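Spelled out, the chains give:
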Amino acid sequence: QVQLVESGGGLVQPGGSLRLSCAASGSFFSINVMGWYRQVPGKQRELVAFITSGGTTNYADSAKGRFTISRDNAKNTVYLQMISLKPEDTAVYYCNANSKRAFWATLENYWGQGTQVTVSS
């Protein structure tokens, strides 16, 4: 079982920056892919970015050039640095992680509780 706890959301003006953090804890053999998704009311949750345990990253087109995902494997923590924020970035941001309970086990998917990011003047 993996628990994901996000922090760092809040209210920021357009053009501002925020850094989200997500720390994983619990009992697991490994954490593979970690990522960030976001959701606004009435719309589907969408991928923002993900990063593998080896450091390979992937970004949604809306995040390219403005958001940077990184992780500290020793701390089981993933970060999302967001700059040049726009009102359309307003959403609840969710941390996601895939992990294994043992080497031979299948991947399991976990979500954090979400953190609100509001971009408004």
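Residues numbered from 1 in each chain as written. Predicted model: local features only at pLDDT ≥ 70, side-chain atom pairs only at ≥ 80, totals over all residues. Heavy atoms only, no water.

Caption draft 1: A look at the sheet that holds strand E8 (residues 77–82). Strand order in the open sheet formed by four strands is E1-E3-E8-E7, and the pairing between neighbours is antiparallel. Each edge of the sheet is formed by a strand with only one pairing partner; in this case those strands are strand E1 (2–7) and strand E7 (67–72). Neighbour to neighbour, the strand axes of the sheet diverge by 15° on average, direction disregarded. Direction of pairing for E7 relative to E8: antiparallel, over a ladder of six bridges. When the bridges of E8 are listed, phenylalanine 67 appears paired with methionine 82. (Pairing = 2+ DSSP bridges. Helix = DSSP H or I, 4+ residues; strand = E, 2+ residues; numbered from the N terminus. Axes fitted to C-alpha atoms, helices over the stretch in contact; angles between N-to-C directions.)

Caption draft 2: Up close: the packing of aromatic side chains. The full count for this structure, using the stated rule, is two aromatic pairs. Here phenylalanine 29 and phenylalanine 103 contribute two aromatic rings whose centre-to-centre distance is 6.2 Å and whose plane-to-plane angle is 80°, an arrangement assigned as edge-to-face. Pair noted here: phenylalanine 29 is in the loop between strand E3 (18–26) and strand E4 (30–39) and phenylalanine 103 is in the loop between strand E9 (91–100) and strand E10 (108–111), with a separation of 74 residues, a long-range link. Among the residues examined, phenylalanine 103 registers a relative accessible area of 63% and is labelled exposed. With centroids separated by 5.0 Å and ring planes inclined at 70°, the aromatic side chains of tyrosine 37 and tryptophan 111 adopt a geometry described as edge-to-face. On the criterion of sequence distance, the pair formed by tyrosine 37 in strand E4 and tryptophan 111 in strand E10 is long-range, its members being 74 residues apart. According to the relative accessible area criterion, tyrosine 37 is partly exposed, its value standing at 23%. Residue classification places tryptophan 111 among the partly exposed residues on the basis of a relative accessible area of 37%. (Phe/Tyr/Trp six-rings, centres within 6.5 Å; stacked < 30°, edge-to-face > 60°. Buried < 20%, exposed > 50% of the residue type's maximum accessible area, 1.4 Å probe, protein only.)

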